[in-house]
Amino acid sequence: MWRLSWLMFRSLSGAWIRMNRRFTTAGLIAISAMVIAAALGVDTTQTLAYQIFTFVAALLAVSLVAAVMMRPRFAVERALPKTITAGQSFDYRVRVKNLGGKAMDGLTLLEITTDPRPSFAQFRTRLRVPNYGGWWRLMNANEMAHIDQGAAGMLDANGETEVRMRGLAWRRGVLRLQAVTVARADPFGLVRALVTLPSPATLVVLPRRYQVAPLALGGHRLYQHGGVTLATSVGDSEEFIGLRDYRPGDPLQRIHWKSFARAGKPVVREYQDEFFERHALVLDTFAGAQAKLSRQSRADELAFEEAVSVAASFACTIDTQECLLDLLFVGAESYCFTAGRGQLTTANLVEVLAGVQKCTDKSFDHLANAVISRGSALSGCLLILIEWDEAREDFVMKLRSRGVLLMVLLVSAKEHASLPAWLRVLHPGKIQEGLVGL
Amino acid sequence: MNTPPFLLAAAALFWATQTGQWLVAAVVAVLMEGPRYRTWRWSLEESDFMRIADFCTVLLVGLALYFYFTFGNPRAITLLFQWLPVALAPIALAVAWSTSREIGLAVLFWSLRRAPMRRRYAFNPGVTLFVLWLLGASAANHPGWSFEIGLVLLTGWALWVSRPRSHPRAVWILSLLMVASLGYAGHIGLHGLQQWLEGAAPEWIAGGGSRTNPYRSNTDIGSMGDIKLTEGIVMRITADPGWRVPILLHRASYDDYRSGTWVAKSPRFESISPFEVATRWKLSNAAIDPGRPGSQLSVNDYSAGGNPVLSLPIGVARIDSLAASDVQANSLGAVQAEHKPGYFSYSVLLGADGAASAVTDLAYSVPGATDLKVPAGEAAAITSIADELQLAGLQPAEALAVIRKFFAERFQYSLWQGKPAGGATPLAEFLLTTRAGHCEYFASATTLLLRAAGVPARYATGFSVQELASPGDGYVVRERHAHAWVRAWVDGAWRDVDTTPPDWFAAESARTPFWSKLTDVWSWLRFWIAQHSADTGTLLGWLAIPMGLWIAWRIQSARRSLVQMPSDKAVNSVAHIGSDSEFYRVAQRLLELGYARHDAESLQEWLQRIAVLPGAPGLDQAELEAMVRLHYRYRFDPLGLPEPDRLRLQERSRDWLARHPVVVRNQKAV
């Protein structure tokens, strides 16, 4: 039953995708007209619609033969942006070269991206009952971006042209472009001859971001063991500030032997302990086991995406000129990425957030322990939660007891009975309104 | 996709050549192409288009109901398709006369209004309308070559304009000729196939139930299991009080029995000329006495496919009030009227003797050799029963009485048949073993037994009228009232002989489902509206006018702005209120002075930024901001800018421009 439904829906969707590639808009209208004429003209004594049916069928048949007989040759090259943003349109250019000896028009460029059709495992685990509506929603969820067909003008023999492709990214992640198809319409402009040119490329789709007012996280400067450059590393190393003459009591391992040789007297490397602010941006990724597709599961997924967007918005807003910002979350393992003062940039943090996935096999304690272990170096912490329970409350209390300044945001559509006054709740779909009030 | 100039007007006129609705088509054509000669447009929004689409939906539903009640299916479907382009033309006209070139799918689909798709799909309704004009023209079923020619020319025109130019023209023209030839061959083949199918399997194509094939009657003799017929009402009968139920309404007789199928061996139809008036048809020379009780009845019938076979009682002398273009009858009493699909009615007057006399009846032939033939396959069983009843040598009336008594006393009515024992024919099984069956068994067996007794007999089919109408007057005839009986030649006239046990009607009625009353009310409603169809059509027409006016008023009140289009080719540009603000010249001067503006920078942000740039002396930020505030109010304040402020904006701008002449300098900011 499940397998049969999956095969049927997959075939149907595949046929629809192939039809959209093979036929022009005029061709699709012709097919619709043919189907309606077939239904209306089923009794040839009642209407003449059967004449429309046979004429359009002949038209499409001749167009198909003409399209199959055409063998155009092209070369393409994309000029892609470095990143794009979810929920926003983007464009890029594709350079098309006609390798044939004849001028051509009626050309269209189509991008082939990763197949959005759900796998059987996804279909089986995410749906309660096999239905086309659910299949369609899963396909929508899998689709990273929609890229419009690009129209190329007249292309001379061996000529080149640049086609502007426009698209809209639906969600964050990595958009994998697999190939470019150059399509040439038949003489009637109904059916296309397709030339698919493999051209794999990837585009990072950043999370959508909201406007956040400049945020003063507060806190005071703390000793950062190891200095700036190694702020995120391990080992006994401080910030190097210069050389000076040896003083009794200096450890021997600090002697700079090259300078000793040059100066003829012992010279040591001098280090300075670093004190600066260090903040943590902590993202809660613990969403529990993957649920069946339902209104609630869609609301939960939306809440998680909004939480990532909020994290990205803050990552871009916090000024890392004078402080360090650690992005902490748990995926397959605990991750910590640091931005500021020669480390990563905030743009890098947003790119990292583009790939954040829900964690379904670990408990919230993993994140809590990772943050608390860094607690002594943290001045402030911005905590973005997607659920509110005892474990999270304990974690917040522990951080508070260590004197870390906290701002806790809960992104959730659920109604919670009693929430502490200091917990700011952001509702999915109304995030911007919520952020304005911060 | 846009349609080329004048294509839609040509398509509308082509529709008129097929339907004859020239006035409607001309009005739509003029309105469709009018925007090419006018520069103003309505500034309509998606919500306005939705209102127009709703109006079209109501119009379409009204038309569908009107056609359904007046003509029934399938005629209603073809008529609906015929008028579909006219009903949907308001949407295409609204787009043509508005600043929009496309409408979203949500305009047409209510579901998308509540749950929009994440990507907006828009289309130009002109292309859809073009296809609908062609489909509508085809639904008119106009004979001749004109449709084929028009179809090729109009489609060719549309394709020629949008064709890729790099293909040689000769190839294109040759391809279209090839397509036209293939299309022609294809539709000739399809039409031929349908005719062949109809000829090869007339009963299957004709369908069962209330449709009658006067050439052949496939009975259910031999079928196992339950016989099921539907509850649908097929006729309504009004009879004078002199009639006694059951009234047998005859449709066709058959004279040759071949293993379960009765066939008419001499089925040639001949036309009957109208008698005295165009709607009166004489079937018998018998004298008529309209004042005699039980001599008149009226039939309200419905024909799905047209050219119906009439339902007539025995001894009919004249048919009145039948609006048919021709009436034909065969020698076995089947009378067929040439009439379009839909409802029709007629009155029947009986001859004075009330039977089909050999002398007077024009439509029912005298007995022949076939009417005495007993098929070899059934001869053994028939002879056995005939011998048992000692029919040989009896007078026809006596033989008839014996046979009636035989069936009444020894047989039962049953709609169910089990598996035959083997060897014997179903009819023999019925006569000798089961002695239970439905009307077709009784009628067939009686026919053959009468023939064995030397009485000419025919197998007759039609309806038995017994059920009083509720709601409504007179009687209703349902599909399950279809009946078979015998016409026997007794005492020089054909007489109806029904040997089926009278309880058959009660047995049938007992199977009536509980929802039958509801469907009866629906059927009566359809019948009532069909009777008043002319009034309903007029009413719909009058209703459409205020509805159209209401829509126009809603649009007008929602957006009272007509936009003057700069030219026919630049329909995209929209005039803005406040576009004549003098501040635009100030902004232009700033650009000329080298203060570049970022792409997404508002005027205010731009001024704030450049006022503090080093090397921008003379730019008074407060002055510029005061001007831009006035400008914003002029542009966006729904209440407009009061006259003194308007003058202040003009003066300040003029003054500023005078103090800041153009001096070419480097760009200040990027």
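Scroll up a little and you will see the structure.
Model, not experiment: these values are computed from the prediction.

The rules behind these values
Within any chain, residue numbers begin from 1 and follow the written order of that chain's sequence. Just so you know, chain letters begin at A and ligand numbers begin at 1, following the order they were written in. Side-chain atom pairs in this predicted model are given and counted only at pLDDT of 80 or more, local residue features only at pLDDT of at least 70, and totals for whole chains, interfaces and linings cover all residues. Numbering of helices and strands runs from the N terminus, with a helix taken as a DSSP run of H or I at least four residues long and a strand as a DSSP run of E at least two residues long. Helix span, expected: 1.5 Å multiplied by one less than the number of residues in the helix. Remark: C-beta atoms are placed from the backbone, and a residue is labelled buried if 20 or more other C-beta atoms sit within 10 Å of its own, exposed if 12 or fewer do, or partly exposed between those counts. In this description, the arc belongs to the directions extending from the helix axis to the C-beta atoms. Remark: residues whose backbone-derived C-beta atoms lie within 7 Å of one another are considered to be in contact. One requirement defines pairing of two strands: DSSP has to find at least two bridges between them. Axes here refer to lines fitted to C-alpha atoms; in helices the fit is confined to the stretch in contact. Angles between the N-to-C directions go from 0 to 180 degrees. Only buried Ala, Val, Leu, Ile, Met, Phe, Trp, Tyr and Cys residues enter a nonpolar core, and they are joined through C-beta atoms within 7 Å. Note on residue classes: Ala, Val, Leu, Ile, Met, Phe, Trp, Tyr, Cys and Pro are nonpolar, Asp, Glu, Lys and Arg are charged, and everything else, Gly too, is polar.

## Quick notes on helix α2 (residues 25–40) of chain A
- Given a rise of 1.5 Å per residue, 16 residues ought to cover 22 Å, and the 23 Å separating the end C-alpha atoms of α2 of chain A matches this to within 8%.
- Taken together, the buried positions of α2 of chain A are Ala26, Gly27, Ile29, Ala30, Ala33, Ala37 and Leu40 of chain A. Along α2 of chain A, the residues classed as buried sweep out an arc of 155° about the axis, all on the same side. Residues of α2 of chain A that are exposed and point over 90 degrees away from its buried face: Val35 and Ala39 of chain A.
- Buried residues in α2 of chain A make contact with α3 (49–69) of chain A together with α4 (75–96) and α6 (125–139) of chain B.

## A short note on the sheet that holds strand β2 (residues 83–85) of chain A
Residue and element names in this part refer to chain A.
- Strand order in the open sheet formed by five strands is β2-β9-β8-β4-β6, and the pairing between neighbours is mixed. Taken across any chain shown, the strands that pair with only one partner, and hence form the sheet edges, are β2 and β6 (150–152). When the angles between neighbouring strand axes are averaged without regard to direction, this sheet yields 40°.
- Taken together, the three bridges between strand β4 (residues 107–113) and β6 define a ladder with antiparallel strand orientation. Paired with Leu109 across the two strands is Gly150, which belongs to β6.
- Strand contacts of helix α8 (residues 346–354): β2, β8 (173–185) and β9 (192–206), with the helix running at about 120° to β9, the strand carrying the most contacts.

## Quick look at the environment of Gly34 of chain B
- Summarising the element assignment, Gly34 of chain B is placed in the loop between α2 (22–33) and β1 (40–42).
- Residue Gly34 of chain B is classed as partly exposed on the basis of its 13 C-beta neighbours within 10 Å.

## Concerning the environment of Leu135 of chain B
- Looking at the element boundaries, Leu135 of chain B is found in helix α6.
- The exposure class of Leu135 of chain B is buried, given the 23 C-beta atoms found within 10 Å.
- Excluding its chain neighbours within four sequence positions, the residues that come into contact with Leu135 of chain B are Ile36, Ala37, Leu40, Ala49 and Ile52 of chain A together with Phe81 of chain B.

## Considerations on the nonpolar core
- Core analysis: the biggest nonpolar cluster contains 86 residues, and Ile52, Val56 and Leu59 of chain A together with Ala11, Ala12, Trp133 and Leu135 of chain B have the highest contact counts within it.
- With 16 residues, the single largest contributor to this core is α4 of chain B.
- Of all hydrophobic cores here, the second largest spans 82 residues; its members include Leu283, Leu332, Ala334 and Leu431 of chain B.

## Concerning the interface of chain A and chain B
- Listed as interface residues are 34 residues of chain A and, on the opposing side, 36 residues of chain B.
- Secondary-structure elements contributing two or more residues to the side of chain A that touches chain B are α2 and α3 of chain A.
- For the side of chain A that touches chain B, the leading source of residues is α3 of chain A, giving 11 residues.
- Here the residues of the side of chain A that touches chain B are counted per class, giving 23 nonpolar, 10 polar and one charged.

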